[in-house]
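# Observations on the model geometry
Spelled out from the first residue to the last, the chains are:
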Amino acid sequence: RRLCERYAPRAAYRRVPAYLYPATPDDADRVAREADAAEEAGVHVQRGAAVPVPYPVDGAICVPDQADFDPLAYVHGLARGLADEGLTIFEHTRL
C-alpha cells in the first residue's frame, strides 16, 4: 500500500473482498479444499459467503481485505520513482 501511495498513485490501490465459488457442482470440493488450505495458512475465510453476482451460488468463500491495483501502473510508477531516487534499472542484461 505504501509503495503504491508513494510511487504509483495511478495504480488505484484499494482493499476489496475476494470471492471463490464453484462454477459447477463438481467444483464444490475444490473450493472447500481451497478454503481449508487458506485457513491452515492462517488466512481468514468466510464460508458460505453471499457473492455479488446476479445468479444463485452455493459453496462460495470470501477472503476479505485483499489488495487490488493496476499492476502495470504500479510497476511503471515504481520504476520511475526509484530511478528518480538514483536507482539504475538494467533491462535485457544477463546475470
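So, here's what we can say about the structure. (Residues numbered from 1 in each chain as written. Predicted model: local features only at pLDDT ≥ 70, side-chain atom pairs only at ≥ 80, totals over all residues. Heavy atoms only, no water.)

### Examining the packing of aromatic side chains
- Across all of its chains, the model carries 2 aromatic pairs by this definition.
- With 6.2 Å between their ring centres and 25° between their planes, Y13 and F69 make a pair best called stacked. One end of the pair, Y13, is in the loop between α1 (2-7) and β1 (14-20); the other, F69, is in the loop between β3 (61-68) and α3 (71-84), with 56 residues separating them in the sequence.
- Each member of the aromatic cluster is reached from another via a ring pair, and the members are Y13, F69 and Y74. (Phe/Tyr/Trp six-rings, centres within 6.5 Å; stacked < 30°, edge-to-face > 60°. Helix = DSSP H or I, 4+ residues; strand = E, 2+ residues; numbered from the N terminus.)

### A closer look at unusual backbone geometry
- The phi angle at D65 is positive, at roughly 65°, despite the residue not being glycine.
- On the secondary structure map, D65 appears in strand β3.
- For H92, which is not a glycine, the phi torsion comes out positive at approximately 50°.
- Looking at the element boundaries, H92 is found in the segment after α3.
- According to the relative accessible area criterion, H92 is exposed, its value standing at 84%. (Buried < 20%, exposed > 50% of the residue type's maximum accessible area, 1.4 Å probe, protein only.)

### Describing the pairing of β3
- Pairing of β1 with β3, which is carried by 6 bridges, proceeds in the antiparallel orientation. Each residue of the ladder has a partner; that of R15, found in β3, is A67.
- In this structure, strand β2 (residues 46-47) lies alongside β3, joined through 2 bridges in antiparallel fashion. Across the sheet, the residue bridging to Q46 is C62, located in β3. (Pairing = 2+ DSSP bridges.)

### Thoughts on the nonpolar core
- Counting residues in hydrophobic clusters, the biggest one holds 7 residues: C4, Y7, A8, A11, A73, Y74 and L78.
- Elements supplying a minimum of two residues to this core: α1 and α3.
- With 3 residues, the single largest contributor to this core is α3.
- Not counting residues up to four positions away in its chain, the partners in contact with A8 are L3, A73, Y74, G77 and L78.
- Ranked by size, the runner-up nonpolar core spans 6 residues in total, among them V31, A38, V45 and I61. (Core = buried A, V, L, I, M, F, W, Y, C linked by side-chain atoms within 4.5 Å. Contact = heavy atoms within 4.5 Å.)

### Overview of helix α2 (residues 28-40)
- Across its 13 residues, α2 extends 18 Å between first and last C-alpha, which sits within 8% of the 18 Å expected from 1.5 Å per residue.
- Close packing links the buried residues of α2 with β1, β2 and β3.
- Looking at the residues trailing α2, positive phi occurs at G42, about 90°. (Expected span 1.5 Å × (residues − 1).)

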